[in-house]
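The residues making up each chain are set out below.
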Amino acid sequence: MIEARGRRLLVDGEPRVVVAGEIHYFRVPRDQWEQRLDLLVESGCNTVASYIPWLVHELADGSLDVTGRTDPQLDVGAFIDLCADRGLWFIARPGPFQMAELKNEGLPYRLYREHPEIVPVGWDAKPSTTATVDYLAPAFLAETRRWYEAVMPVLAARLHVDTAGGGSAPEAPRRPVIAVQLDNEIGMLAWVTNSPDLTEHLLDDFRGWVRHRHGEQASERYPGLLDDDPDDHAAWNEAVRSPDERWAGDLRVDLAAFMRGRFARYVDALRAMAEESGVVGVPFLVNIHGTADGSGQPFPIGISQLVDTYARRPGYLSGSDHYVGNLTLGTTPDLYVLNAYQAAVHDADQPITSLEFEAGTGDYGGGFDQNYDPHTVELKTRLFLAQGNRMLNYYLMAGGINPPLQTPVGDGNDRIAFTGERHGFAAPITPEGTRGPTFAPTARAAHLARTMEPWLGTSTEELDDLSLGLVLDSYATEYAHPHSAVMTRVVADLARWRGAGPRRALARPAMMRGHRFDAVDVQRDLARQVDGRPVTVMCAVSQHLAESTQRWLVDHCERGGSLLLLGRMPEFDLAGRPCTILADALGVRPGEPVSEGHRSHPSVVSQGWAAPEAEVRVGWAQPFQVSRGEVVLTLAGSGDACGLDVAVGAGRVVLFTAELPGLPTWFGRALDRLGVSRGLVLDSEFPGLFGTTTLSDRESRILHLWNISGYEMDAEVSLNGRAVVGEHLRLKPYTGWMLPLGLELSPLGLPGARLTANAEVIGSTRADDGTVRLKFGEPLRSATHPGWWLQVVGASAVVDEDSLTVTLTPG
């Protein structure tokens, strides 16, 4: 039985960490399936994930083969059974869309020929340039039902549940399916092409939604468009596809909100089809897209699009889908924020997961165009585990061969994918089934996760009194008519000032100082409280900010909370109407921004408690007039204010309206001024040291550290005012640690025993006589402890320093 409870993933009642690897059975010859699965077992993974492509299983005559009746390669059940034979769980991803570089994103060509009405047009009625469809088109849903009726019974027969009694199945080893993903990256194709799915069917649906949502005000938002003959939709369709500037601002907001609900209806329809075919009792997964061009900053666009499909809804789990390459000073905060934002919209039971966890060399074109550092997958795994991910799917774990299409289409290669004959060049397991250059580091990461699973499965990140604000509507920027000045202006403004702020200046400085923070969905939740007061919230603000969001920020201060704001002072709502609620509360009157250019080089000077700091050039700044508070940042030359410290209600606000560099000293002073605590203090010789702490059942604490830089560095690390694991630490480049700090060992059969060490546990075995042998990795050396040291309480220990092992005996 699979449950999500208390942000844990329970398999048969036990908290587990699912470590999966994606292997596409349809790209691996049938007689090589077992060899690939054996390599997966060797890597340390406990789960296999795979797409099940409709495109591959639909034959030339339109019939479906998922049992191997026409070709043993198509026997999905046989592949899943081989996974079960090896004690592996299975995550099924049957679409209908799969992406995976498949043609038509995994849909059969026949659908587009026989049902042209499902193919959308976008702005100005231009045809879509992708394989997207209208998800709720009746013909598409009918065809999807036919596909599900074929494939879902194969999964239902192998679910890791007892459908009759609700408990674990007696034949559980033969029933390994622990989760089923519904579709894939829903809405992504429309976003990346800025081409909404504007079929007549969708526009009719949208028209009804507008009437219901806005009631009598609907006609005011769209003058002259909703009073015509209800059977005449031509004017409405034209007004949406080629919007007038009078309603373009409202249209952008309404279309994004409408599509959230429509995607939710689509996912619910898929779930109903799956349940009708017997797939019940396992989580349904929703894969969130959003990283782009090696950056994680756009990821919340996917959360914004899909939030209503899964967030706070029983039976659903979301998973991230990320491709950002090496861990750097840019991508590390991106991923930390990605996990925090994903968790912010969940309920108290839903854990975070990663359904496409980038693995491999990054050489996706097979031309040696790039090669990630081999430590990348290890460091990312450590980061995601520390933030509470309970499921990781290394994608792509094994490459393969793209077989020919059932029916040639004359497109240049006539294979199922556009990548050519070989696929998955970058994967840890090569297309030919050999161990690639990243197999060993991926295996180290997977084995570490499995070793530490008894504690990671229940761990929670310890947090300071600090949160990052998530403004979902600032990411509802997937649709903007290219010729609409209103839409273009608002989207450009939102894209510049959101999330962690420009230059990641809110998240990175806090992380470099050691601050451990989560995120708060400011459109749905109040900030958490510590000692009866709301925590400080860091939030990027833009010229366009919804009235409700501005009120939330003010109310947060009225309740005694504080804010660190970075960006442009809000002057309008999301549709472009004047709205100055926040500015009025701060006593600020914003002026005209100044930007860098050929003969413009704006610089800022710190004042008051923000000093001393060298004058800093900025790409952009907005001066403002103030009526109260202390000016802490001014424009060089003019002396105009662009930074303010001001009391609001029972709280306090520090505001910066400049594109500041993310300096830990600068933003650190602001956080100190706001009274933010710092339980974990990181002080390193060079930038690149990050860390956090987690606490699991029985007060078991782990210190997580990562040196993502190429430098060996000296560092001081303290927790709650005391140095941990020694003073003057020496951290090697591209390394990470999970250091036990009072780790309670009852999961190993040693109740009451606790372990503290300057090295992480990388393996454990328990003998029949109750003794436990622990294997440790390389110590984190320091001036006070130049070698390996450990402390064991509640058990006797025999130490072998040469092999870095210790044998523990109860007592």
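The model shown is predicted, which means the values in this text are computed figures rather than measured ones.

Is there a simple way to explain the sheet that holds strand E41 (residues 795–800) in this structure?
Where strands meet in a sheet, backbone hydrogen bonds hold them as pairs that are either parallel or antiparallel. Pairing is antiparallel in the open sheet, where 4 strands are placed in the order E38-E39-E42-E41. What marks the edges here is a single partner per strand, and that holds for strand E38 (761–766) and E41. Taking the axes of each pair of neighbouring strands and ignoring which way they run, one obtains an average angle of 20° across the sheet. As paired strands, E38 and strand E39 (residues 772–776) are joined by 5 bridges and run antiparallel to one another. Pairing of Thr765 across the sheet is with Arg773, part of E39.

Could you clarify how one ought to interpret the pattern of salt bridges in this entry?
Pairs can form between side chains of opposite charge whenever their charged atoms are close. For the coordinates displayed, the defined rule picks out 51 salt bridges. A salt bridge links Arg5 to Glu3, with the nearest nitrogen and oxygen atoms 2.8 Å apart. Across the pair Asp645 and Arg652 runs a salt bridge whose closest N-O atoms are separated by 2.7 Å. In this structure Asp645 comes out as buried when scored by relative accessible area, which is 2%. Looking at Arg652, the relative accessible area reads 26%, which means it is partly exposed.

Would you explain the packing of helix H1 (residues 33–43) against helix H3 (residues 76–85) in this entry?
How two helices pack is summed up by the angle between their axes together with the distance between the axes. Where H1 contacts H3, the two axes come as close as 10 Å, and the packing angle between them is 35°. Seen along the crossing, H1 lies across H3 with a hand that is right-handed. Listed contacts from H3 to Trp33, Glu34 and Leu37 of H1 are Ala78, Phe79, Leu82 and Cys83.

Mind showing me how you'd approach the sheet that holds strand E6 (residues 89–93) here?
Spatially, 8 strands are ordered E4-E5-E6-E7-E8-E9-E10-E11 in a closed barrel, and the strand pairing comes out parallel. Averaged over all neighbouring strand pairs, the angle between strand axes comes to 30°, with direction disregarded. For strand E9 (residues 316–322) and strand E10 (residues 352–358), the ladder comprises 4 bridges, and the chain directions are parallel. When the bridges of E10 are listed, Ser320 appears paired with Ser354. Of the strands in this sheet, strand E4 (18–23), strand E5 (47–51), E6 and strand E7 (177–181) are in contact with H3, which crosses E6 at around 155°.

Conventions used here
- All residue numbers refer to position in the chain's written sequence, counted from 1.
- This being a predicted model, a pLDDT of at least 70 is required before a residue's local features are given, and a value of 80 or more before pairs of side-chain atoms are given or counted; all residues contribute to the totals for chains, interfaces and linings.
- The basis for the side-chain values is all heavy atoms of the structure; hydrogens and waters are excluded.
- The rule for pairing is simple: two strands pair if DSSP sees at least two bridges between them.
- Secondary structure elements are defined from DSSP: runs of H or I of at least 4 residues count as helices, runs of E of at least 2 residues count as strands, and each element is numbered from the N terminus.
- Structural elements are reduced to axes, namely lines fitted to C-alpha atoms, with helices fitted over the stretch in contact, and the angle between N-to-C directions of any two is expressed from 0 to 180 degrees.
- By definition here, a salt bridge exists when the distance from a side-chain nitrogen of Lys or Arg to a carboxyl oxygen of Asp or Glu is within 4 Å.
- In this scheme, a residue with accessible area under 20% of its type's maximum is buried, one over 50% is exposed, and one in between is partly exposed, where area comes from a 1.4 Å probe on protein chains only.
- By the definition used in this description, the sense in which the near helix is turned from the far one sets the handedness, with an anticlockwise turn below a right angle giving left-handed and a clockwise turn giving right-handed.
- Whether two residues are in contact is decided by their heavy atoms: any pair within 4.5 Å suffices.

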